[in-house]
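For reference, the chains in residue letters:
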Amino acid sequence: MAEKLAPEKRHELVHNGQKVFEWDQTLEEVNMYIDLPQNVPKKLFYCKIQSKHIEVGIKGNPPYLNHDLSSPVKTDSSFWTLEDEVMHVTLQKRDKGQTWASPILGQGGLDPYVADLEQKRLMLQRFQEENPGFDFSQAQFTGTCPDPRTFMGGIRND
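Bear in mind that the values here come from a model prediction, so they are computed numbers and not experimental data.

A few points about the UniProt feature "domain: CS" (unreviewed entry) in the chain
Here is step 1 of the chain: When the UniProt feature table is mapped onto this chain numbering, "domain: CS" (unreviewed entry) sits at residues 16-104.
Here is step 2 of the chain: Helix makes up 0% of residues 16-104 and strand 56%, and the two end C-alpha atoms of the span are 16 Å apart.

Structural data, given as structure tokens:
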């Protein structure tokens, strides 16, 4: 049932009309998907994840991304992989349940309507996680959705 509440589509961060990367999020993580240039050996790509900063690039060249993150991450459980022609970066949220408007601080934030939809989806994920016998995939909120991180005493870290 939890997969019914997974992100339906990825968001795009676009700069000067070019897609920089796509991303989505769950209660616990933010995933970034970066298309890799062709004809570059895979071993030359790198990704450096720090608590509040990310750097991605090709060794021997200026970084493709070199930015502060919107919120801190757990570096010991964040990682990156190369899948086909895509670098997949998984950032483990330090504050589980926090709704990120964008992975990159001050850039490409979600519009208010989409941010509200994200917050509602994350809240339903939280309900599903805390009540595994129930199906919240068809549930809806009327009005403003509470913050999934702090609602009713906050998220349990059992």
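With respect to the nonpolar core
Here is step 1 of the chain: Judged by nonpolar contacts, the single largest core of 23 residues is most densely connected at Phe21, Met32, Ile54, Met87, Val89 and Leu91.
Here is step 2 of the chain: Secondary structure elements with two or more residues in this core: strand E2 (18-25), strand E3 (29-35), strand E4 (45-50), strand E5 (53-58) and strand E8 (86-93).
Here is step 3 of the chain: When neighbours within four sequence positions are excluded, methionine 87 is seen to be in contact with Met32, Tyr33, Ile34, Leu36, Phe45, Tyr46, Cys47, Val56, Trp80, Thr81 and Leu82.
Here is step 4 of the chain: By size, the runner-up hydrophobic cluster in this structure holds 5 residues, among which are Met123, Leu124, Phe127 and Cys145.

Things to note about the side chain of glutamine 125
Here is step 1 of the chain: Within the fold, glutamine 125 resides in helix H1 (residues 112-130).
Here is step 2 of the chain: Polar side-chain contacts of glutamine 125 include one of 3.0 Å to the backbone nitrogen of leucine 27.

Conventions and cut-offs
Residues numbered from 1 in each chain as written. Predicted model: local features only at pLDDT ≥ 70, side-chain atom pairs only at ≥ 80, totals over all residues. Heavy atoms only, no water. UniProt positions renumbered as here; feature names shortened; annotations may be inferred. Helix = DSSP H or I, 4+ residues; strand = E, 2+ residues; numbered from the N terminus. Core = buried A, V, L, I, M, F, W, Y, C linked by side-chain atoms within 4.5 Å. Buried < 20%, exposed > 50% of the residue type's maximum accessible area, 1.4 Å probe, protein only. Contact = heavy atoms within 4.5 Å. Polar contact = N/O pair within 3.5 Å; in protein donor to acceptor, adjacent residues only side chain to side chain.

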